[in-house]
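Descriptive structure summary
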Amino acid sequence: MSDQKFILYARKFMKNPLLGRRQCVVELVHPEMANVPKAQIKTKLAALLKSKEEQIAIFGLKTKFGGGRTTGFATIYDSVDLRKKYDSKKMLRRDGYLIRAKSSRKQRKEIKGRVLKVRGIAKAKAASSGGKKK
Amino acid sequence: MPQQSGKKQLSAKKRPMFQDSDSGSEEIEQDMNLQQKFKANEVISESEDQAEESDDLIEEYQKMLNNQSQSDDQEDDEDIGNDDSDDEDMELEDDDQDDESGDEVIHQNGSQIDPKLLKQIIEKDQPELNKILEEYIQNVDNLNNKLKPMMQRVFDKNSGIETKHGMTYLEMKYNLLSSYCQFLQFYMLLKLEGHPNINKHPVIKRLLHIKTLLEKLRPLDQKLQYQIDKSLRTAAISEVQQDIEIDPSQLLENPLNYKPNMDNLRDPVNINEEFEDDDESALGKENDEDSDEDEEEDEGKRQIYKASKLNPVYYEDKNTKKQRRDDMLSKKKMGKSEYIEQLRKEMYDEPEEVHLGGMLNKKTAFAKQMQLMEDMEQEHFKRMSFSKKELKNIRNQEKQHLQERLDQFDDLGDIDKIIGSKNRRDREEMEMDAQLENTKFQKGLKNYIKNNNKQKKGGKDFKNGNDDFSGGYQKKRDQKSFDKKQQFGNKGGNHQNGKNKKPFNKNRR
């Protein structure tokens with residue numbers, strides 16, 4: 001893939017000190033590409049706003065009918081810790097900061113059954129898959 | 001008459017110099033003397049006479065008047081013991097003179113002293129006098145100059161005014177005023193005679209009573225003034241124009257002769273209801289009285305002016321309204337159709353707007369909606385989610401809007417309605433049919449010509465000896481059979497004979 005260019009505009013810029021971030025609407029013009037990968041967007045944004053790529057979360061990208069134009073949202077956190085604290089879990093999962101416990105459906109249902117049978121503190125024990133009791 | 005009784009009492013208790021006129025000749029003589037003195041000294045108007053005569057009486061009089069004006073029953077206890085005894089006759093309206101020398105002097109010299117000085121003196125000594133006198137004068141004026149002539153005129157039989165209802169008021173007023181004057185006179189008499197404990201005398205109560213009555217009647221008087229004047233005028237007219245047969249009673253009865261009265265325009269029923277409504281609205285309607293209120297309001301509403309149904313009005317059925325609305329809508333749609341926009345481009349000199357795609361044209365409703373959605377999303381920093389159906393719908397609309405529609409002349413159905421032509425489809429079909437028919441006809445014609453060129457008509461070909469009157473038909477038939485005979489031999493016929501069959505054609509089509 002040749003290095004295709006795209007133009008990036010950051011609009012409706014707003015500071016959100018409560019959540020320790022800055023947020024803006026991202027407009028892209030990419031006549032040659034169908035979609036712009038988020039990584040590229042992040043690099044450009046980081047360069048623009050003088051931050052690191054790990055602190056940026058991009059979401060809600062929508063391409064206009066006919067192609068060539070995309071709009072989306074971007075939240076730029078002041079630090080990675082703040083991001084881990086305040087960002088939504090969906091975005092964190094996308095970027096790999098949150099790992100979802102991969103347990104099969106069957107296992108989950110078994111655990112649930114065990115937990116239901118017990119009352120009080122013992123629930124925690126059952127949830128930690130203490131194995132079958134007799 | 002209370003005055004007479006009072007006088008009798010006086011005569012019982014004290015012996016004034018001048019007694020009642022009923023008593024004897026002495027009084028008459030003395031009266032005559034007084035009168036002579038009176039006449040000798042003064043030939044002036046009433047007011048000055050009274051002011052000069054009754055100097056000592058004024059004080060309490062005024063106080064009485066003050067108290068009357070304040071509607072107080074209590075009065076001052078200042079009893080100025082006036083040894084001066086004066087006699088007042090009911091008939092005489094003027095107060096009699098004092099016998100004291102000092103007063104006599106003043107009295108005698110009253111004409112010589114300035115009235116202003118007099119007034120000042122009087123005010124110092126007995127300020128009451130002035131007021132009482134004024135009061136007296138006013139009432140007497142009223143009596144003499146106004147009421148009396150009115151009464152005379154009214155009760156005159158020639159005037160012709162009916163005296164059933166309105167004139168009782170006049171009578172009453174007349175009586176009131178006269179009695180008031182009488183009481184005033186008596187009061188003055190008492191004062192002059194030095195009656196002790198005047199405050200307990202019933203005269204004062206009477207005076208007060210009448211005074212209050214008069215004051216209450218004053219507003220009534222004002223209201224009735226117009227009526228009274230009117231009646232007087234009619235009386236005057238009747239007097240003046242006795243030759244002309246104008247009936248003053250008719251004049252009075254005819255309401256057009258009176259001036260307009262705004263208060264009469266309102267219905268008295270409505271007025272009451274209005275006030276009621278206001279009160280209720282202020283306080284809040286009560287549930288118990290709702291039904292009653294409604295009834296009253298309805299009745300009141302019935303009395304509101306309603307236009308009379310004399311002129312015919314165009315009747316509009318409900319359907320026509322709908323039709324009208326539909327027409328309006330269709331017209332609006334028409335205005336938006338591409339056809340008319342093209343027309344508009346031709347006609348007007350507007351600058352042309354070229355849109356790359358439907359979406360860039362921000363005037364369309366769809367574009368506006370999308371723009372709105374975008375704004376909301378960006379404001380709240382999140383995307384809206386749609387169901388599958390909704391998404392599909394949106395995509396479809398987008399597609400429609402992006403394409404430049406060439407088949408936008410479809411919306412001619414609206415124009416058809418207005419033009420009144422048939423359905424476009426029908427028209428097309430008709431055209432097509434016409435064309436088809438034309439072609440058919442053309443074809444038929446061609447064939448016919450061909451055939452005719454080949455075979456000349458039999459009837460006309462006498463020269464050749466072909467007596468064929470069927471127009472070549474028989475020949476054709478004959479020829480056919482002839483041809484067939486040639487082909488198949490004598491056996492002929494349509495069915496295939498012999499071996500000379502046509503080959504079986506698989507690909508018959």
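In the annotation of an unreviewed UniProt entry, chain B is listed under the name Sas10 C-terminal domain-containing protein and assigned to Stylonychia lemnae.

In the annotation of an unreviewed UniProt entry, the entry for chain A reads 40s ribosomal protein s24, and the organism field reads Stylonychia lemnae.

Some details on the pattern of salt bridges
In this structure the tally under the stated criterion is ten salt bridges over all chains. Taking the shortest distance from any N to any O, the salt bridge between B:Arg395 and B:Glu398 comes out at 2.9 Å. You can see B:Arg395 and its partner B:Glu398 sitting in helix H16 (residues 388–402), three residues apart, about one turn around the helix. Since its relative accessible area comes to 5%, B:Glu398 is described here as buried. A cluster of three or more residues bridged by salt bridges with shared partners is formed by A:Lys42, A:Arg83, A:Asp87 and A:Asp95.

So, the sheet that holds strand E4 (residues 69–77) of chain A
Note: strands within a sheet are paired through backbone hydrogen bonds, in either parallel or antiparallel orientation. Residue and element names in this part refer to chain A. Pairing within the open sheet is antiparallel, and its four strands lie in the order E1-E2-E4-E3. The strands lining the two open edges of the sheet, one partner per strand, are strand E1 (7–16) and strand E3 (56–63). Taken pair by pair, the neighbouring strands of this sheet meet at an average axis angle of 20°, ignoring direction. Two strands pair when backbone bridges link them, and strand E2 (residues 21–29) and E4 are joined in this way by nine bridges, in the antiparallel orientation. Directly across from Leu-28, in E4, lies its bridge partner Thr-70. Against the sheet, helix H1 (residues 38–49) makes contact with E1, E2, E3 and E4, and its axis sits at roughly 120° relative to E3, the strand it touches most.

Things to note about the interface of chain A and chain B
Of the residues lining the interface, 14 residues belong to chain A; the matching set on chain B comes to ten residues. Here chain A and chain B share an interface that buries about 1,100 Å² over both sides, 66% of which is from carbon and sulfur atoms. Ranking the residues of chain A by area buried against chain B places A:Lys62, A:Phe65 and A:Phe73 at the top, with a combined share of 57%. On the surface where chain A and chain B come into contact, there are one salt bridge. Note that B:Glu377 is salt-bridged to A:Lys62, the shortest N-O span being 3.8 Å. Going through the elements one at a time, E2, E3 and E4 of chain A are the ones with two or more residues in the side of chain A that touches chain B.

Structural notes on the pairing of E4(A)
Residue and element names in this part refer to chain A. Within E4, eight of the nine residues are buried, which leaves it mostly tucked inside the rest of the structure. Where E3 meets E4, six bridges bridge the pair, whose relative direction is antiparallel. Bridged to Ala-57 within E4 is Thr-75. Following E3, the chain reverses through five residues before pairing antiparallel with E4; Gly-66 in that reversal takes a positive phi of roughly 105°.

Notes on the environment of A:Cys24
Residue and element names in this part refer to chain A. Following the sequence through the fold, Cys-24 ends up in strand E2. When its relative accessible area of 0% is taken as the criterion, Cys-24 is described as buried. A C-alpha to C-alpha distance of 8.4 Å links Cys-24 and Ile-76, two positions 52 residues apart in sequence.

As for a positive patch on the surface
Residues and elements named next belong to chain A. Residues Lys-38, Lys-89, Lys-90, Arg-93, Arg-94, Arg-100, Lys-102, Arg-105, Lys-106, Arg-108, Lys-109 and Lys-112 make up a contiguous surface patch of positive charge. Taken together, the elements giving at least two residues each to the positive patch come down to helix H3 (89–95) and helix H4 (105–117). Per element, the largest residue contribution to the positive patch is five residues, and it comes from H4. In this fold, Arg-105 is placed in helix H4.

Structural notes on the side chain of A:Ser51
With respect to the helices, strands and loops of the structure, A:Ser51 is situated in the loop between H1 and E3. Apart from residues no more than four positions distant in its own chain, A:Ser51 is found in contact with A:Arg22, A:Ala46, A:Ile56 and A:Ile76.

Examining the packing of aromatic side chains
Taken as a whole, this structure holds three aromatic pairs over all chains when the rule is applied. Their ring planes at 50° and their centres at 5.8 Å tell us that A:Phe59 and A:Phe73 sit as a pair that is tilted. With A:Phe59 in strand E3 and A:Phe73 in strand E4, the pair connects residues that are 14 residues apart, well separated along the chain. The exposure class assigned to A:Phe59 is buried, which follows from its relative accessible area of 16%. A centroid spacing of 4.9 Å and a plane angle of 35° characterise the contact between A:Phe73 and B:Phe381, whose relative ring orientation is tilted. Placement of the pair is A:Phe73 in strand E4 and B:Phe381 in the loop between helix H15 (365–380) and H16, with the two residues belonging to separate chains. The pair formed by A:Phe73 and B:Phe381 is uniform in burial state, with each residue classed as buried. Cluster of aromatic residues (ring-pair linked, three or more members): A:Phe59, A:Phe73 and B:Phe381. Above the ring of A:Tyr9, the side-chain terminus of A:Arg11 is found at 4.9 Å from the ring centroid. Here the basic side chain of A:Lys44 rests over the ring of A:Phe6, its NZ or CZ set 4.5 Å away from the ring centre.

Procedures and definitions
- Residues numbered from 1 in each chain as written.
- Chains lettered and ligands numbered in written order.
- Predicted model: local features only at pLDDT ≥ 70, side-chain atom pairs only at ≥ 80, totals over all residues.
- Heavy atoms only, no water.
- Salt bridge = Lys/Arg side-chain N within 4 Å of Asp/Glu carboxyl O.
- Helix = DSSP H or I, 4+ residues; strand = E, 2+ residues; numbered from the N terminus.
- Buried < 20%, exposed > 50% of the residue type's maximum accessible area, 1.4 Å probe, protein only.
- Pairing = 2+ DSSP bridges.
- Axes fitted to C-alpha atoms, helices over the stretch in contact; angles between N-to-C directions.
- Contact = heavy atoms within 4.5 Å.
- Buried area = accessible area lost by both parts, 1.4 Å probe.
- Patch = residues over 30% accessible without salt bridge, like charges linked within 9 Å, V, L, I, M, F, W, Y side chains within 5 Å.
- Areas by Shrake-Rupley, 256 points an atom, 1.4 Å probe, with all protein chains shown as cover.
- Lys, Arg positive; Asp, Glu negative; His and termini not counted.
- Charge placed at Lys NZ, Arg CZ, Asp CG, Glu CD.
- Phe/Tyr/Trp six-rings, centres within 6.5 Å; stacked < 30°, edge-to-face > 60°.
- Lys NZ or Arg CZ within 6 Å of the ring centre and 35° of its normal.

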